[in-house]
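Descriptive structure summary
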Amino acid sequence: MASTGTVATAAGAGSGRGVPAAKAASRRFRLDLSKTPGRLRLLLGILVLLSLAWGALAAFTVNQYSSAASNLVAVREPLSLDARQIYHDLSDANDTAATAFLAGGLEPTTTRQRYLTDIQAAGTLIETASAQGGATLGGASKDLATLSTDLPIYTGEVEMARADNRQGFPLGAAYLREASSLMNLTLLPAADDMYAAENASLTATSAQATGLPFVIATIAVGLGIVIAVAWVSRWLRRRTHRVLNAGLLLAGAVAVIALAWLAFAYSGARGDLLTAQSRGSAPAEALAKADITALQAHADESITLIDNGGDQNGADEKAYQREKSALGPGPGTLLTAAETAATGSQASGGATAAVRDAQAWYAAHVNLRKLDNNANHTAAVGSALGSGPGSGPGDARTAYTNLSGDFVTGIAAGQATFAVNASAGADAFAGLEPGVIAAALVMAVGCAWGLSRRLAEYR
Amino acid sequence: MKTGARRVSGNGKRSAAARAVAILMGTVLLAAAAGCSAAGAPRATGAARNLAARDGAHTTTHRTTSGKARAKAPPACDPTAASLRPPPGTPRITPSSWMATIRQRGHLIAGVSASTYGFGYFNPINGQYQGFDIDMIKAVATAIFGTADGHIEYKSITDDQRQGEITSGSVDIVAETMTINCKRLKVMDFSSVYFDANTRVLVLKNSTATGLASLGGQKVCATKGSTSAGIISSYPVTPRLKLVAVPQFTDCLVLLQQGQIAAISTDDAILAGLKAQDPFTKIVGPPFDPQPYGLAISQQHPDFVQFVNAVLAQERADGGWAHSYATWVGTPVPAPPPAHYAD
């Protein structure tokens, strides 16, 4: 072609056969920007470096998102669940131990069994969490140490209480009070703290997996490359009168595809993870908070009966009333917060039922206190235990069991929603990391190939 | 002491009797001014309501005894002779008396300990309140209702709550190893003495302590609001004893078993109950600081004080007291503490 000849003549002015190889090499790599080959060399270098740099950035970004998303599913959410479960088990164990004392006489086998199951479950979870070590726990490791050391002391005191109780000694009640205060003042606050820390980690990881800066930077750089490739193509076309440069076209097309994939995967994952949070972990967490407060209130209800006889103005009843007002429903209360958080999610059924059953329980509690305050302690205990005189439909035990069941249902639904959506979010990044690396390499090779073919024409 | 003759009307502003008389007189004057009352038949309110509502003979007796007491009253308070003399004979419930109000209500409200083994405790095996104090409450309930079954509302309170429960009127009577003393007599009434206790010390069996004097600088436990706490904190020993105050005496025993305190010091009656729950403890030292127990009743109900005293007199006479003693404290059974009254 004529045009090629023209260019070759201009460029080849100083190059002839017989020039020493070293000189030719030095000339080839000399950047004479006033001439086209020098500019081509510069552009080639820039495009190749940009492509590789983008590849590194994109791979890093994808890795950040996908590891945060899988960390969320595989580590943070289970740890958060475990922390909540530890609190629940400990609280339930304390509640059950108190209830066993209520019965008077021999403790019911089911109550004892439930206490043991709770303690074993909590012990196992604490052990597992300890095995995970400080790396994943951060600030919660101190709480974990407290739990590990004080749980055996607690169980020891409960066993002392049982032993004394079996001999008919009031000393048993003193040991139970001691155990209960260890639980309420040391163990439960540590478990609560750990749950809060785990939840904070969950939220932080979730934010990391859905954050915008990295993906925006990656896409911006990617678009910059596409624009640069387009500009170089245009420049080449003017210089060389070649309409198409296959290498540059390939690089540009691959860059566009890689960017589209990245944007698509990211937006899909972000949507899934946000749904996991708003429809899954947020309602589950709100319900868990309400559940924990209800557990405390139930334990206090039992303790009003253990201390016995007209505790209407006692500290335990006051504690119950405090927890009741924290639970709600009403503006700013835990149950209302849970109901709001669960609106439109799978957990909403459980949350609505919890609001209804909480009120039934409050009514049962009023009856129970009325019985106890009117010299009918036996019937009050019957209502709390759900057996013997005073028990029956609408007793405090049944009402609380219903409420507790609502929480379990709602929390399980929230967790299931979280698991499904968060997994989908994590899966959205599948194959993307090797994909962007391959794309970057193809882009680099494409640019190099396309430009070096033009460059070769100047030799 | 200022409280010496609490029942003496001229003894000072704080005297309840003086208040009662003042209110009575005020009411009489008001009633007379209103012209709606027969002379000499005051319809009093407030503190003196029940006093005035009782049959005239008793009121007269009370007034008279107060007058006599003023004449004979020693300058110091005598906690063992501060109560009101009951009318002769078996306990009687007169219309509009506090006992009639209790009978109307259907149950006697009694403040008791749930944790004082042998005196007042909640037995976890049978789910019942039991003990020497509880027997006294049952005797009072029986005198009101004919039977104690189903007619007592036990209210488990700590030592620290006893005074407030009485003065606020949320219980009719407190039976909780409560020492009659001059300070308490200022704000509440007591029955005649129903049990004589003495202060002693409980330590672990391997302890070499021989009493509070040998425990200088160490931690000694008692309940908040008990006379024992006062004794420990003011005990003359160098260095001073460190008082550890807890809600109930069983809490002290928990601390002793955990090695957090060196000793528990309180009434021998309570210590015996603690020792029975832990055979690895012993009671040491000579008895000191006698603690006469009385049933605490609001100053609003002198008629009820007299009624309870009549019940106690009956218990002493018919062997009920001795039976309770043998059951809850042990044998040999001594003679019951004699009843001395303020007159």
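A word on the overall build of chain B
Along chain B, the regular secondary structure elements total twelve helices and 13 strands. Relative to its 343 residues, chain B shows a buried fraction of 52%. Sequence separation of 24 or more characterises 70% of the internal contacts of chain B that already satisfy a separation of 6 or more. Accessible area for chain B stands at about 14,300 Å²; split by element, carbon and sulfur atoms hold 57% of it.

A short note on the confidence of the model for chain B
Residue and element names in this part refer to chain B. Put simply, chain B has an average pLDDT of 79, and 78% of its residues get 70 or more. Scored below 50 in pLDDT, residues 1-75 shows 89 contacts in the model against residues more than four places distant or in partner chains. The ipTM assigned to the predicted complex is 0.73, against a pTM of 0.73.

Concerning a nonpolar patch on the surface
On the surface, Leu-52, Ile-437 and Leu-441 of chain A cluster together to form a nonpolar patch covering roughly 240 Å² of accessible area. The residue Leu-441 of chain A is located in helix 14 (residues 432-456) in this model.

Focus on the state of the cysteines
Residues and elements named next belong to chain B. Under the criterion given, the structure shown has two disulfides over all chains. The disulfide that involves Cys-77 links it to Cys-182, with 1.9 Å between the sulfurs. Note on the Cys-77 and Cys-182 pair: the S-S dihedral is about -100°, so by sign convention the disulfide is left-handed. Of this pair, Cys-77 sits in the loop between helix 3 (56-72) and helix 4 (98-105) while Cys-182 sits in helix 7 (residues 182-185); the two residues are 105 residues apart in sequence, bridging distant segments of the chain. Each member of the pair, Cys-77 as well as Cys-182, is classed as buried. Between the sulfur atoms of Cys-221 and its disulfide partner Cys-252 the distance amounts to 2.0 Å. With the S-S dihedral at roughly -80°, the linkage between Cys-221 and Cys-252 falls on the left-handed side. Of this pair, Cys-221 sits in strand 9 (residues 219-223) while Cys-252 sits in helix 9 (residues 249-257); the two residues are 31 residues apart in sequence, bridging distant segments of the chain. Judged by relative accessible area, which is 0%, Cys-221 ranks as buried. Judged by relative accessible area, which is 0%, Cys-252 ranks as buried. For chain B, the bonded cysteines pair up as 1-2, 3-4 when numbered in the order they occur along the sequence.

Quick look at the nonpolar core
One finds Leu-90, Leu-147 and Tyr-154 of chain A together with Leu-108, Ile-173, Ile-264 and Phe-304 of chain B to be the most contacted residues of the largest nonpolar core, which totals 140 residues. Considering every element that reaches this core, the biggest residue donor is helix 6 (residues 171-210) of chain A, with 13 residues. Those residues in contact with Tyr-154 of chain A that lie beyond four places of it in its chain are Ala-93, Asn-94, Ala-97, Tyr-115, Ile-119, Ala-179, Ser-180, Leu-182, Met-183 and Leu-187 of chain A. One finds Ala-59, Ile-225, Val-229 and Val-436 of chain A within the second-largest nonpolar core, a separate group that totals 38 residues.

Remarks on the sheet that holds strand 13 (residues 296-297) of chain B
By definition, the strands of a sheet pair up through backbone hydrogen bonds, in either a parallel or an antiparallel sense. All names here are of chain B. The five strands lie next to each other as 5-1-6-13-7, forming an open sheet whose pairing is mixed. Whereas interior strands pair on both sides, the edge strands pair on one side only; in this sheet they are strand 5 (152-156) and strand 7 (189-190). For strand 1 (residues 108-112) and strand 6 (residues 173-175), the ladder comprises three bridges, and the chain directions are parallel. Residue Ala-110 lies in a different strand from strand 6, and its bridge partner there is Ile-173.

Concerning the interface of chain A and chain B
Between chain A and chain B, the residue contacts involve 24 residues of the former and 24 residues of the latter. At the boundary of chain A with chain B, total buried surface from both sides reaches about 1,900 Å², with 52% on carbon and sulfur atoms. When the area that chain A buries against chain B is broken down by residue, the three leading residues are Phe-169, Pro-170 and Leu-171 of chain A, summing to 27%. Here chain A and chain B share one salt bridge between them. Residue Asp-251 of chain B pairs with Arg-177 of chain A through a salt bridge whose shortest N-O separation is 2.9 Å. The interface formed by chain A and chain B contains five residue pairs in polar contact (both at pLDDT 80 or more). No other element matches helix 6 of chain A, which puts five residues into the side of chain A that touches chain B.

Focus: the sheet that holds strand 12 (residues 281-293) of chain B
All names here are of chain B. Reading across from one edge, 10-9-11-8-12 is the order of the five strands in this open sheet, with mixed pairing throughout. On the outer flanks of this sheet lie strand 10 (242-246) and strand 12, each paired with one strand and no other. Neighbouring strand axes in the sheet, compared pairwise and without regard to direction, differ in orientation by 25° on average. Bridge count between strand 8 (residues 195-204) and strand 11 (residues 263-267): four bridges; the pairing is antiparallel. Pairing of Arg-200 across the sheet is with Thr-266, part of strand 11.

Here's the deal with the side chain of Ser-113 of chain B
Residues and elements named next belong to chain B. For Ser-113, the location among the structural elements is in the loop between strand 1 and strand 2 (115-116). Judged by relative accessible area, which is 4%, Ser-113 ranks as buried. A polar side-chain atom of Ser-113 sits 2.7 Å from a polar atom in the side chain of Thr-116. At a separation of 3.4 Å, a polar atom in the side chain of Ser-113 contacts the main-chain carbonyl oxygen of Gly-120.

A look at the pairing of strand 1 of chain B
Both faces of the sheet carry side chains from a regular strand, because those side chains alternate between them. Residues and elements named next belong to chain B. Of all five residues making up strand 1, five are buried, and the element is well covered by its neighbours. Along strand 1, one buried face is formed by Leu-108, Ala-110 and Val-112 and the opposite face, lined by Ile-109 and Gly-111, is buried too. Of the pairings in the sheet, the one linking strand 1 to strand 5 comprises five bridges and is parallel in character. Across the sheet, Ile-109 pairs through a bridge with Glu-153, a residue of strand 5.

Quick word on helix 12 (residues 377-385) of chain A
Taking burial as the measure, the nine residues of helix 12 of chain A include eight buried ones, the bulk of the element. Directly after helix 12 of chain A, the chain includes Gly-386 of chain A, whose backbone phi takes a positive value near 70°.

Notes on the side chain of Arg-112 of chain A
All names here are of chain A. Mapped onto the fold, Arg-112 is located in helix 4 (residues 109-137). Overall, Arg-112 belongs to the buried group, its relative accessible area being 17%. Each residue touching Arg-112, except ones within four places of it in the same chain, is listed here: Glu-107, Glu-159 and Arg-162.

Side note on the packing of aromatic side chains
For the coordinates displayed, the defined rule picks out 24 aromatic pairs over all chains. Note on Tyr-320 of chain A and Trp-361 of chain A: the rings are 5.5 Å apart at their centroids and 80° apart in plane angle, and the pair reads as edge-to-face. Taken together, the residues span a long stretch of sequence, with Tyr-320 of chain A in helix 9 (residues 315-327) and Trp-361 of chain A in helix 11 (residues 348-373) at a distance of 41 residues. When its relative accessible area of 0% is taken as the criterion, Trp-361 of chain A is described as buried. Both rings, one in Phe-304 of chain B and one in Phe-307 of chain B, keep their centres 6.4 Å apart while their planes meet at 20°; by these two values the pair is stacked. With Phe-304 of chain B and Phe-307 of chain B both in helix 11 (residues 302-318) and three residues apart, this pair spans about one turn of that helix. Residue Phe-307 of chain B is classed as buried on the basis of its relative accessible area of 3%.

Cut-offs and rules
Residues numbered from 1 in each chain as written. Chains lettered and ligands numbered in written order. Predicted model: local features only at pLDDT ≥ 70, side-chain atom pairs only at ≥ 80, totals over all residues. Heavy atoms only, no water. Helix = DSSP H or I, 4+ residues; strand = E, 2+ residues; numbered from the N terminus. Buried < 20%, exposed > 50% of the residue type's maximum accessible area, 1.4 Å probe, protein only. Contact = heavy atoms within 4.5 Å. Areas by Shrake-Rupley, 256 points an atom, 1.4 Å probe, with all protein chains shown as cover. pLDDT = per-residue confidence, 0-100. Patch = residues over 30% accessible without salt bridge, like charges linked within 9 Å, V, L, I, M, F, W, Y side chains within 5 Å. Salt bridge = Lys/Arg side-chain N within 4 Å of Asp/Glu carboxyl O. Disulfide = S-S within 2.5 Å. Core = buried A, V, L, I, M, F, W, Y, C linked by side-chain atoms within 4.5 Å. Pairing = 2+ DSSP bridges. Buried area = accessible area lost by both parts, 1.4 Å probe. Polar contact = N/O pair within 3.5 Å; in protein donor to acceptor, adjacent residues only side chain to side chain. Axes fitted to C-alpha atoms, helices over the stretch in contact; angles between N-to-C directions. Phe/Tyr/Trp six-rings, centres within 6.5 Å; stacked < 30°, edge-to-face > 60°.

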